[in-house]
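Analysis of the macromolecular model
Below are the chains, spelled out letter by letter.
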Amino acid sequence: MIVVMSADRTDDQLNHVVQMVEEMGLTSHVIYGTNRTVVAAVGDKRMVDKGALENLPGVEKIVPILSPYKVASREVKQEKTIVELQPGGAQIGGTGFGVIAGPCSVEDRSQLLEVAHAVKEAGGVGLRGGAFKPRTSPYSFQGLAEKGLEYLAEAREQTGLAVVTEVLTVTHVDLVARYADVLQVGARNMQNFMLLNTVGAQGKPVLLKRGMSATLEEFLLAAEYIINAGSSKVILCERGIRTFEQYCRNTLALSMVPAVKRVSHLPIVVDPTHGTGHAYMVESMSLAAIAGGADGLLIEVHPDPEHAMTDAAQQLDIPHFQQLMIKARRVAEAVDRKI
Ligand code: PEP
Ligand code: MN
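It should be emphasised that the depicted structure is a prediction, and the values quoted were computed from it without experimental measurement.

Mapped onto the secondary structure, Asp-311 falls in the loop between strand S14 (296-300) and helix H11 (318-334). Only 3.2 Å separates the side chain of Asp-311 from the side chain of His-274, close enough to count as a polar contact. Among the polar contacts made by the side chain of Asp-311, one reaches the side chain of Gln-314 at a distance of 2.8 Å.

Here is the structure:
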């Protein structure tokens, strides 16, 4: 980091800053400019609280140089991370483009199996479906819990699709990991640090959804927790953020795709379903995500969206999903990706 001294700083103040920087275990280089003196503090500053320097007399501001995340960054790992959804199975982050689709909630056996076969036939690689649902209201459908996981496992047996499902709490990680191929950490839990540590330690890939008010830095620091806990198999998911706009459920920040690609080696998929909240917007945002360099999509599909127990307005029916997949293939081809 760079400590910029104020124009009227005294030599004593400068010496004190240098002393503090050295006390922090960093090496200091003082650079005298025409109007300003700056102290370059060299070393790993991630464990250092730069706030301690900010209030010292004679200091104008602190300018960080390195990103606060490390193992999720390109500074540490140049080559892209490719995540296998199942050992030896479909990949997210390679030259292929992966579509993970399925209902918002697992509602019953026939609903799930119908969607699973449709997703497989249309060319999807993963089956999503919530067995444990994070609901705003405690009176809303909370999911089928373990029964839902059993249906997901049965759907995998029949189709070969990788199962992606959400884990809501630390105490469910073992249970969910017994059935799922990929553990989803939802937007509301992106900064549940205990959960991040526990899903990171269990070894299977993790799909980490961006918190609805999380910055890119917070998103990558959440991924950093998972990687530090033991799993490098992290797939990021942009699912939209809360803004002043009320028309859409969320504002889908597709610009996160090139941003993540620039600063991180982790793959990123886009969820245009929660990102918009409206079924009619899902196709166009999906195609935009592919064209914009995303590594995959997470899409909600339901055999009868009108009667869905959760998120009825945003789920695609099967014919619309099939139509989307045909167009998605064409766009993917145009940007040298294969579905
Ligand atoms: C989901 O994908 O089922 C979900 C609950 O999404 P989010 O965590 O992004 O709101
Ligand atoms: Mn949903």
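A few words on the site of ligand 1. What surrounds ligand 1 is the set Arg-128, Lys-133, Pro-134, Glu-166, Gln-184, Gly-186, Ala-187, Arg-188, Lys-209, Arg-239 and His-274. Measuring from an oxygen atom of ligand 1, one finds a side-chain N or O atom of Lys-133 at 3.1 Å. Residue Lys-209 places a side-chain N or O atom 2.7 Å away from an oxygen atom belonging to ligand 1. Surface burial for ligand 1 is 97%, taken as the share of its 290 Å² of free accessible area covered by protein chains. According to the grid-proximity analysis, the pocket containing ligand 1 is the second largest pocket. When its residues are assigned to classes, the shell around ligand 1 shows two nonpolar, three polar and six charged.

Distances from the manganese ion (ligand 2) to its protein donors, Cys-104 (SG), His-274 (NE2), Glu-300 (OE) and Asp-311 (OD), fall at 2.0 to 2.4 Å. Each donor residue of the manganese ion (ligand 2) lies on the same chain, and together they follow the pattern C-x169-H-x25-E-x10-D. Placement of Glu-300 in strand S14 and of Asp-311 in the loop between S14 and H11 is noted, with a sequence separation of 11 residues between them.

Turning next to the layout of surface pockets. Size it by volume and the second largest pocket reaches roughly 320 Å³. Taken together, 19 residues line the second largest pocket, and the ones lying closest to its centre are Pro-134, Arg-188, Arg-239, Arg-249 and His-274. Looking at side-chain class alone, the lining of the second largest pocket contains four nonpolar, five polar and 10 charged residues.

Applying the stated criterion across every chain, the model contains one cavity of 30 Å³ or more. For the largest cavity, the calculated volume is near 30 Å³. What lines the largest cavity is simply Arg-128, Gly-129, Gly-130, Lys-133, Val-164, Thr-165, Glu-166 and Gln-184. Top element by residues in the lining of the largest cavity is strand S9 (residues 162-166). It accounts for three residues. Classifying every residue of the lining of the largest cavity gives one nonpolar, four polar and three charged.

Next up on the list: helix H8 (residues 256-263). Among the residues of H8, Met-256, Val-257 and Val-260 are the ones counted as buried. The arc enclosing the buried residues of H8, seen along the axis, measures out at 105°, which places them on a common side. In this structure, the buried residues of H8 make contact with helix H7 (216-229), strand S12 (234-238) and strand S13 (268-270).

For the rest of this paragraph, the subject is the pattern of salt bridges. Summed over all chains, the structure comprises 12 salt bridges. A salt bridge links Arg-210 to Glu-238; its shortest N-O distance comes to 2.9 Å. One end of the pair, Arg-210, is in the loop between strand S11 (206-209) and H7; the other, Glu-238, is in strand S12, with 28 residues separating them in the sequence.

About the cut-offs
- Residues numbered from 1 in each chain as written.
- Chains lettered and ligands numbered in written order.
- Predicted model: local features only at pLDDT ≥ 70, side-chain atom pairs only at ≥ 80, totals over all residues.
- Heavy atoms only, no water.
- Helix = DSSP H or I, 4+ residues; strand = E, 2+ residues; numbered from the N terminus.
- Polar contact = N/O pair within 3.5 Å; in protein donor to acceptor, adjacent residues only side chain to side chain.
- Near = heavy atom within 4 Å.
- Areas by Shrake-Rupley, 256 points an atom, 1.4 Å probe, with all protein chains shown as cover.
- 1 Å grid on protein atoms, 1.4 Å probe; cavity = no way out; pocket = protein on both sides within 12 Å on 5 of 7 lines; lining within 4 Å.
- Sits in = over half its atoms within 2 Å of the grid points.
- Nonpolar A, V, L, I, M, F, W, Y, C, P; charged D, E, K, R; others polar.
- Donors = N, O, S within 2.8 Å, 3.2 Å for Na, K, Ca; no water.
- Points joined across faces, edges and corners; volume = space filled by probe spheres on them.
- Buried < 20%, exposed > 50% of the residue type's maximum accessible area, 1.4 Å probe, protein only.
- Arc of directions from axis to C-beta.
- Contact = heavy atoms within 4.5 Å.
- Salt bridge = Lys/Arg side-chain N within 4 Å of Asp/Glu carboxyl O.

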